Amino acid sequence: MPKQPLSFDVAVIGGGPAGMMAAGRAAELGAKVVLLEKNSSLGKKLLITGGGRCNIFNAEYDTHRLVEMYGKKGKALFSVFSQFDVTATQEFFESRGLPIKVEAERRAFPVSDSAEDVWKTMLRYIQAGNVTVQTEKPVIGFEAEDGVITKALLKNGEMLAKRFILATGGKSHPETGSTGDGFAWMKTLGHHVIEPDPALVPIVLRDIWRKSLAGISLKGVKLTAMVDGKKRAGSTGKMLFTHIGLSGPLVLNMSKTIGTLLKEGTVTLALDLFPSLDLGAMDRKLLEIFERGKNKMIKNIVGEITQPRLGLVLLSLAGIEGGTPLRQLTRDQRLAFARMLKGMPMTVAGLLGADKAIVTGGGVDLKEVEFKTMRSKLYRNLYFAGDILDFDRPSGGYSLQICWTTGYVAGSSAAGG
Ligand SMILES: Cc1cc2nc3c(=O)[nH]c(=O)nc-3n(C[C@H](O)[C@H](O)[C@H](O)COP(=O)(O)OP(=O)(O)OC[C@H]3O[C@@H](n4cnc5c(N)ncnc54)[C@H](O)[C@@H]3O)c2cc1C
């Protein structure tokens, strides 16, 4: 006789923070739960959050103000926050031996500054409920009939359960396991999935000169992005200085990458106004222009090299007094100016968006989810939690808060459902 597949009350697909919370909660309520994870261990992304410190939530205890941080789509969250809000989240962790501290911008972290401690707390939670954890178990899809999910398909076999919670995450940092698998299955099942937002957003700069350059547009320039001084991305095109930073096609197209780099550390940019010239050729060009106008002050000739307002900022960045007569300009000063023209330095403050944040969009359409229970409106035994949902999330702990809250509610409903 063929072996009967195991059957559970609840099968959670994806062992990230949302899936762990959902599994733990359903088990706590007495459900027989299985957690299926394709990696060899759970919570790979959780371990790298907040640079390894895990910005576990944002300590905005006022739900109205909290919901505003998620933009227009945030309204859907009122109903889940009424069941598990920031205060409940903090209590959840602190009562399980993980004290929390709050830093600037209300960013909450474990006192130990260790994402691993958050991870361990979640592991203990699912172990306490006797969740069956199956790692290296990639799910490859679902089978459904008459608005009911009948089984999850595994590479070698299948998993039967009364209810399923989908927590496979989004698409960022695919090396952690978030490869968007759930999006594909949901599309096949007829759910509407909003493609991850290309995040075409302007960039906010820290530099104090930014306002003075507003309105200047440049063509054929090269922008290079660096993290902690290391070159990570670069592109050439058209860009625009705005009153808060940069915009234009070159910048918008790089914004998604820059958003990702911001999660790693300080992002600086270098703007090359003459990408076709090397430093030597740039210097020779300056020499030639300066030779022609040697009786002038440098500030009166920069307009021949680039846009005058930009030229003045570059002079000041190169430490050259605008009133310096060209005949008195030293070789070192000229080279410093050439270097600025080839690599004007800027520091990124963030992307323009809700709270100048890193926004990751895309996912299962919120209109197709019943937020009181986190249940699909199309399949009556399917629930969602975490990054699989199409929320815009500013940085600052707001993303994990969605995981804790939707995970908790999905787990509660699936256990009782
Ligand atoms: C570098 C970085 C730093 C971050 N720092 C913070 C921070 O400090 N604070 C904050 O609030 N947010 C932070 N975030 C965002 C946060 O990590 C995510 O919002 C969160 O991890 C999403 O949780 P999730 O459970 O929905 O999905 P994920 O964490 O993506 O987990 C999904 C899980 O599903 C598994 N899976 C996928 N497909 C399958 C399949 N076919 N079969 C079985 N399993 C599958 C994956 O392997 C993975 O383990 C950060 C993100 C990154 C990339």
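Worth saying up front: this structure is predicted, and the values here are computed from it rather than measured.

All told, the structure shown has zero disulfides when counted by the stated rule. Here Cys-54 stays unpaired: no disulfide links it, and the sulfur of Cys-403, its closest cysteine neighbor, is 10.0 Å away. With relative accessibility at 0%, the residue Cys-54 sits in the buried group.

Glancing now at helix α1 (residues 17-28). Note: α-helices contain 3.6 residues per turn, so residues at a spacing of three or four share the same orientation. The terminal C-alpha atoms of α1, which comprises twelve residues, lie 16 Å apart, in line with the 16 Å expected from a rise of 1.5 Å per residue. Of all twelve residues that make up α1, eleven are buried, and the element is covered over most of its length. One or two positions beyond α1, positive phi appears at Gly-30, with a value near 100 degrees.

A few words now on the site of the ligand. Residues in contact with the ligand amount to 34 residues; listed here are only the nearest, Glu-37, Ser-178, Asp-181, Ser-399 and Leu-400. Note that an oxygen atom of the ligand is positioned 3.3 Å from one of the backbone N or O atoms of Pro-17. The separation between an oxygen atom of the ligand and a polar main-chain atom of Asp-387 is 2.8 Å. Taken by itself the ligand offers 1,000 Å² of open surface, and the protein chains cover 94% of this. Elements that contribute at least two residues to the shell around the ligand include exactly α1, α2 (44-48), α7 (181-188) and α12 (398-416). In terms of residue class, the shell around the ligand is made up of eleven nonpolar, 16 polar and seven charged.

Within the sequence span of helix α5 (residues 86-94), burial applies to Val-86, Thr-89, Gln-90, Phe-92 and Phe-93. Each buried residue of α5 sits inside an arc of 155 degrees when the element is viewed along its axis, so together they form one side. Here the buried face of α5 lies against α1, β3 (57-58), α3 (63-68), β4 (100-102), α6 (115-128) and α12. In this structure Asp-85 caps α5, since a side-chain oxygen of it lies 3.3 Å from the backbone nitrogen of Thr-87.

Right, let's talk about the sheet that holds strand β5 (residues 107-110) for a bit. Taken in spatial order, the three strands line up as β3-β5-β4 in an open sheet, and their pairing is antiparallel. The open sheet terminates on both sides in strands that have one partner only, identified here as β3 and β4. Taken together, the three bridges between β4 and β5 define a ladder with antiparallel strand orientation. The residue of β5 that forms the bridge with Val-102 is Ala-108.

What follows concerns the packing of aromatic side chains. The description of an aromatic ring pair uses the distance of the two centres, along with the angle that the planes make with each other. By the definition in use, this model includes twelve aromatic pairs. Arranged with centres 5.8 Å apart and planes meeting at 90 degrees, the rings of Tyr-70 and Tyr-398 form a pair that is edge-to-face. In this pair, Tyr-70 sits in the loop between α3 and α4 (78-81) while Tyr-398 sits in helix α12, placing the two residues 328 residues apart along the sequence. The same class applies to Tyr-70 as to Tyr-398, namely buried. Here a set of aromatic residues connected by ring pairs shows up, and it is made of Phe-84, Phe-92, Phe-93, Tyr-125, Trp-404 and Tyr-408. One residue, Arg-53, lies across the ring of Phe-109, its end atom 3.9 Å from the ring centre. Note that Arg-96 overlies the ring of Phe-92, its terminal NZ or CZ placed 4.1 Å from the centroid.

What counts and how
Residues numbered from 1 in each chain as written. Predicted model: local features only at pLDDT ≥ 70, side-chain atom pairs only at ≥ 80, totals over all residues. Heavy atoms only, no water. Disulfide = S-S within 2.5 Å. Buried < 20%, exposed > 50% of the residue type's maximum accessible area, 1.4 Å probe, protein only. Helix = DSSP H or I, 4+ residues; strand = E, 2+ residues; numbered from the N terminus. Expected span 1.5 Å × (residues − 1). Near = heavy atom within 4 Å. Polar contact = N/O pair within 3.5 Å; in protein donor to acceptor, adjacent residues only side chain to side chain. Areas by Shrake-Rupley, 256 points an atom, 1.4 Å probe, with all protein chains shown as cover. Nonpolar A, V, L, I, M, F, W, Y, C, P; charged D, E, K, R; others polar. Arc of directions from axis to C-beta. Contact = heavy atoms within 4.5 Å. Pairing = 2+ DSSP bridges. Phe/Tyr/Trp six-rings, centres within 6.5 Å; stacked < 30°, edge-to-face > 60°. Lys NZ or Arg CZ within 6 Å of the ring centre and 35° of its normal.

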